[in-house]
Amino acid sequence: MIKEFKKGDLEIVLATMNRASLDFLIPMFPFSHFSEFPILIINQTSENTLLVSEFPSVRIVNSFEKGLSKSRNLGLQNAHGKLVLLADDDEVFKEDFENTILEAHNNYPEAVSICFAIEDSNGLLFKKYPSQIKMQLNNLDVFSILSIEITLKRTIFNSFNNNFDTNFGLGSSFMMGEETIFLSDLKKKKQSIIIVPKVIAIHSEVSTDDKLNVQHRYYIQGAFFTRVSKNNYLNWIFLKLFFDLKQNRIKIDQVFAALKSARKGKEDYQQITK
C-alpha cells in the first residue's frame, strides 16, 4: 500500500490566549523540541500582546476576536498541513503521537476525520473508548468526542464548507458542545468519521461540564440538542436526564429546574438564530 501521508504532513493547530512567548510549548513535547513539528498557533490576544515565532515550523496568527470556536475556525482556514490535529495549550503529547496519526490516516484513506484517545495525568484513559477501531459512529459516539481527539484530512475536509458553530464553545453564548456539533454536521453530510482508540496525548484538566451547576448545564444542553437534533429535542433531553440520574450527577428534586433551564436554552438559541 502506498502511504499518502508521511512525517511533516501533520500540522498541529493549537488554540491559546494572551501568549507573549512560545515557552508554553516546551512541556507539551517532553520528548523533543517543539520546532520539530509543524504547528499553527491561533493566539487570541490584544494588539499590545503579540506572539511571534523565530521557528519556520511554528506559524502564528494573532487574533483579536474571542471564543474557542472562532479560534478553531481561524486555525482551519489558515492550516497548511495535509492532516490537521486540533490541540489545546494544556495537553502533553505522547512520543509516538505523530506516527499513530499518520498510520491511521494511511490505513483508512476514506475517513475525513479520525478521532483518537487521551489519558489523564494518572495514565488512565480519560473516558471509556471503544475496545477496537470503530467505523460506524452513532450519535452517542459523536457526542462523547473531545476536540483534542479530532484529526482531519484537510484537503478533503475543505470541500465541505464545515465550520465550528460560533454560538457554542468557550467564550460564546453556549460554552460547550462545539466539537460535537462540528462532527455531527460532517456526519449529516455522510462523511466518514472513525475512532482509533490509541492514545496520542495526556490531558489533566477538569471538563467545563464538571464546573457548571445543573441549571447552567441544562441551559446549554437545551440549546445544543435544538441545534443537533431539533426534531428529537425532548428525546435527547430525557435521555440526558436518565443518564445523569443514573450516575448521580443530578438529584430527583432538581429535574424540574433542569427541564425549565433546558427549555430556556432552546428558546434563547432559537432567538439568536432567527
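Residues numbered from 1 in each chain as written. Predicted model: local features only at pLDDT ≥ 70, side-chain atom pairs only at ≥ 80, totals over all residues. Heavy atoms only, no water.

Here we come to the packing of helix α6 (residues 214-228) against helix α8 (residues 255-272). Running from N to C, α6 and α8 point in directions that differ by 45 degrees, and their axes come no closer than 6 Å. With respect to each other, α6 and α8 are oriented oblique. Pair α6 / α8 crosses with right-handed handedness. Contact residues: α6 offers Val214, Gln215, Tyr218, Tyr219, Gly222, Ala223, Thr226 and Arg227, while α8 offers Ala257, Ala258, Ser261, Ala262, Lys264, Gly265, Lys266, Asp268, Tyr269 and Gln270. Partitioning the contact of α6 with α8 into residue classes produces 8 nonpolar, 6 polar and 4 charged. (Axes fitted to C-alpha atoms, helices over the stretch in contact; angles between N-to-C directions. Helix = DSSP H or I, 4+ residues; strand = E, 2+ residues; numbered from the N terminus. Parallel < 35°, antiparallel > 145°, perpendicular 65-115°, else oblique. Left-handed = near helix turned anticlockwise from the far one by under 90°. Contact = heavy atoms within 4.5 Å. Nonpolar A, V, L, I, M, F, W, Y, C, P; charged D, E, K, R; others polar.)

In this section: the packing of aromatic side chains. Taken as a whole, this structure holds 20 aromatic pairs when the rule is applied. Ring centres of Phe29 and Phe31 lie 6.3 Å apart, and the angle between their planes is 70 degrees; on these two criteria the pair is classed as edge-to-face. Owing to a relative accessible area of 26%, Phe31 belongs among the partly exposed residues under this scheme. Centroid distance Phe143 to Phe225: 6.1 Å. Interplanar angle 50 degrees. Geometry classified as tilted. Of this pair, Phe143 sits in helix α3 (residues 139-143) while Phe225 sits in helix α6, and the two are 82 residues apart along the sequence. (Phe/Tyr/Trp six-rings, centres within 6.5 Å; stacked < 30°, edge-to-face > 60°. Buried < 20%, exposed > 50% of the residue type's maximum accessible area, 1.4 Å probe, protein only.)

The topology assignment puts Thr226 in helix α6. The exposure class assigned to Thr226 is buried, which follows from its relative accessible area of 6%. Not counting the four nearest positions on each side in its chain, Thr226 is found in contact with Tyr233, Lys266, Tyr269 and Gln270. Polar side-chain contacts of Thr226 include one of 2.7 Å to the backbone oxygen of Gly222. (Polar contact = N/O pair within 3.5 Å; in protein donor to acceptor, adjacent residues only side chain to side chain.)

Attention now goes to helix α2 (residues 97-107). With 8 of its 11 residues buried, α2 lies for the most part within the structure. Residues of α2 that are buried include every one of Phe97, Glu98, Thr100, Ile101, Leu102, Ala104, His105 and Asn106, and no others. Residues of α2 that are buried make contact with β1 (10-17), β4 (83-88), β5 (91-93), β6 (113-119), β7 (150-153) and β8 (193-203).

Honestly, it's all geometry; don't read function into it.
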